[in-house]
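Next come the chains, spelled out residue by residue.
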Amino acid sequence: MIKKEMIAMLLAGGQGSRLGVLTSKVAKPAVAFGGKYRIIDFPLSNCINSGIDTVGVLTQYQPLRLNTHIGIGIPWDLDRNVGGVSILPPYEKSTNSEWYTGTANAIYQNIDYIDSYNPDYVLILSGDHIYKMDYEVMLDYHKSNNAALTIATMPVPLSEASRFGIVITDENGRIREFEEKPANPRSNLASMGIYIFTWSVLREALLAQKDVPNCDFGKHVIPYCHERGERIFAYEYNGYWKDVGTLGSYWEANMELIDIVPVFNLYEEFWKIYTRTDSLPPQYIAGNAHVERSLLGEGSEIYGEVYSSVIGADVVIEEGAVVRDSIIMQGAVIGAGTHLEKCIIAEGTVIGKNCDLGVGEYAESKLDKKVYVFDLVTIGENSVVPDGVRVGKNTAISGVTTAEDYPDGALESGGYIIKAGGKV
Amino acid sequence: MRAIGIILAGGNNKRMNELSQKRAVAAMPIAGSYRSIDFALSNMTNSHINKVAVITQYNSRSLNEHLNSSKWWNFGRKQGGLFIYNPMITMDNGNWYRGTADSMYQNLNYLKNSHEPYAVIASGDGIYKLDYNAVLEYHIQKKADITVVCKDLDPAKEDLTRFGLVRLADDNRILDFEEKPMVPSYNTASCGIYIVRRRQLIELLERCAAEDRYDFVNDILIRYKNLKRIYAYKIDTYWSSISSVRSYYNTNMDFLKPEIRKYFFREYPDVYSKVDDNPPAKYNPGSAVHNSLVSSGCIINGVVENSVLFKKVFVGNNCVIKNSIILNDVYIGDNTVIENCIVESRDTIRANTTYIGDPNDIKIVVEKNERYSL
């Protein structure tokens, strides 16, 4: 008989629209991070490092990159005879076929998958956080409290607590009240969106709420458990944890890796982060190149200058190019003589020669002033930027652009060029 | 597939000096991210040879660790797989492998139990890309008994006395074969890559063993050259054998040339290796790297010029490293100067030390691993 004590369900179906053009063709968990990784590598590596060998990955939005990245789970040792990683997209049923309408609804639609492993506990994870966490310690805490639900929380500054879902606990850590983005927070413990449920409790709650539209953990399932008086506990986590859901926090989290001894250290032998590596060669730094305060991925060739940047695998930075405070993802090419400042360049993008990106005065984004802030230039995957153009701040570019798209050879601050398709 | 593979990776080579104290030549790290045997293994898998035996003997621990899973080269299939044969004691044999032919003879069941008609034999110390299928086509077309892959070498650049050298007829049949001659008469070298019909190979090996002969080159190629149709398949692409310190150093330095990197790293097919899950290389303030290869997991604080840094090398503040090869997992303390050296893997180089070799006599630096005691 198949029996797993705890299995993980990883919610990876969201678009992550606040990452703008970076997620126009990939789901947020598949976005590159740290010169080598993708965001989903962190929860997946945490799972295997915590001894969880059965993970269901719920996909919906643009799953191609996620599917090829995860494959059969070899990089995370999740290729198992029993268990391992399974990709769980929405599927057609004999009655009421539907998309995943909410986080809890997605789990509800996969009750059969969970049942097949006969677990005692189910760990619910999301695919958009950067952190290292031992879920086994959290499970021990859950068991020692005889809890129905344990929510991972972390202390945040009280001044920022109003941006989070806050939990109010008693002296034993049992949660007495929830407050969603409270104006006057009474506690500084913020929910991290990581839950351990006793499966029988979750199963019952999902079935009871199966007809709730857009059934969501935070809005429906947890309040339901709370109302029924289930034992809900807060597990306090005190390490590095970063939600990379916005361009600003995504850029910041990458830049934090550059510090001499970063708070989030990828160089520790303990608790390695695994990823699919499709590039093995060493990187080449040319005679006239200069690289300082940067991370560089495998197989990159640097002929220009790179400062305070995170560069992915197989990137080519041509002679005379100067890259500062930027993130460049796998396979991008930066033309000779081009200057980049605070740019996020997605995979496979080609930037022409003698361009100037990230210059000019501040201006609000005309595309989406909530997304394109922090003075960043954001360029989607497989885009092309022609030679010799100037691009301002808070701008977005996607698709193959030509000189005609840049009046007077410039895209002013706050502007955008979104074209369908990309280079082949 | 029409062929099985055999990789001969058992040998030591005295010309590797201290470098072979730790590992077999086939396990020597190459070009920052690879091991020597990766090239033969990748050629096998890229030639769609599904079943490959690696024969090891000398100092095989490091090599066996590298081959801990056959996934990295796409073996590990129901049809085929990667087989590692160390010497073993049996009811009727208590000997080590006494030579290349003997090492295959002692594993004759691998040959007998296969059904593929041909065998490709390669050595683990060659750095090259080759489609063995092309050689096999040639072998069949020439109606050869044995085909030997050969390359013309430049006597001005290569020490020919460390190769097997051949003289060819107009149709490329091998007329004469001299093994590591004191005075070379020819400049066409055998690359140590052979194709033989499997049943033919079994027959040759059995006869060899019955006569107490153990070496594939001396006792089969040279002895049979007038009896069997032995042909040379000439290549003009990059090929290098790393079996001496000088050639090991030069081969690694070759990868600083753009055309060599393009050939191996950018052109089809790929070379595979064991995945190490190291983070990206990190360049801290004060780092100045010029014309060098840097591998994953390195952290650099100093100056590096014309050098190859393997995985997980740490370079301290104010270090100057020139024309050197730093093998895996070396820690280099602050203010250290290293020139014209090969630094052995897992060394701990203390701060404020100097190692300077000569461009014509590369110094090999072997230090203790003091990582956890300092």
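Residues numbered from 1 in each chain as written. Chains lettered and ligands numbered in written order. Predicted model: local features only at pLDDT ≥ 70, side-chain atom pairs only at ≥ 80, totals over all residues. Heavy atoms only, no water.

S.K.: With reference to specific residues and values, describe the environment of Y233 of chain B.
M.R.: Residue and element names in this part refer to chain B. Mapped onto the elements of the fold, Y233 is located in strand β12 (residues 230–234). Take Y233: its relative accessible area is 18%, and that puts it in the buried class. For the pair Y233 and I49, spaced 184 residues apart in sequence, the C-alpha separation works out to 19 Å. Other than its neighbours up to four places away in sequence, Y233 contacts L130, A134, V135, Y138, T147, V148, V149 and C150. (Helix = DSSP H or I, 4+ residues; strand = E, 2+ residues; numbered from the N terminus. Buried < 20%, exposed > 50% of the residue type's maximum accessible area, 1.4 Å probe, protein only. Contact = heavy atoms within 4.5 Å.)

S.K.: Describe empty space enclosed by the protein, naming the residues involved and giving the relevant values.
M.R.: With the rule as written, the count across this model stands at 4 cavities of 30 Å³ or more. What the largest cavity holds in volume is close to 70 Å³. Looking at the largest cavity, the residues that line it are K36, T277, L280 and E298 of chain A together with S33, V275, D276, D277, N278, S296 and K311 of chain B. Across the lining of the largest cavity, the residue classes tally to 2 nonpolar, 4 polar and 5 charged. Counted as a void, the second largest cavity has a volume near 60 Å³. Of the residues in the lining of the second largest cavity, the class split is 8 nonpolar, no polar and 3 charged. (1 Å grid on protein atoms, 1.4 Å probe; cavity = no way out; pocket = protein on both sides within 12 Å on 5 of 7 lines; lining within 4 Å. Points joined across faces, edges and corners; volume = space filled by probe spheres on them. Nonpolar A, V, L, I, M, F, W, Y, C, P; charged D, E, K, R; others polar.)

S.K.: Explain the sheet that holds strand β15 (residues 290–292) of chain A to me, and be specific about the residues and the numbers.
M.R.: For sheets, the rule is that strands pair by backbone hydrogen bonds, running either parallel or antiparallel. Residue and element names in this part refer to chain A. Pairing is parallel across the open sheet formed by 7 strands, whose spatial order is β15-β18-β21-β24-β27-β30-β32. Each of the sheet's edge strands pairs with one partner strand only, and the pair in question is β15 and β32 (410–411). As paired elements, strand β30 (residues 390–391) and β32 share 2 bridges and run parallel to each other. For V391, the partnering residue across the bridge sits in β32 and is L411. (Pairing = 2+ DSSP bridges.)

S.K.: Describe unusual backbone geometry, listing the residues and the values that go with them.
M.R.: Residue and element names in this part refer to chain B. Cis geometry is found at the peptide bond from Y268 to P269, where omega equals -5 degrees. With respect to the element layout, P269 can be found in the loop between α9 (258–266) and β14 (281–283). Phi at K143 is positive, roughly 50 degrees, even though this residue is not glycine.

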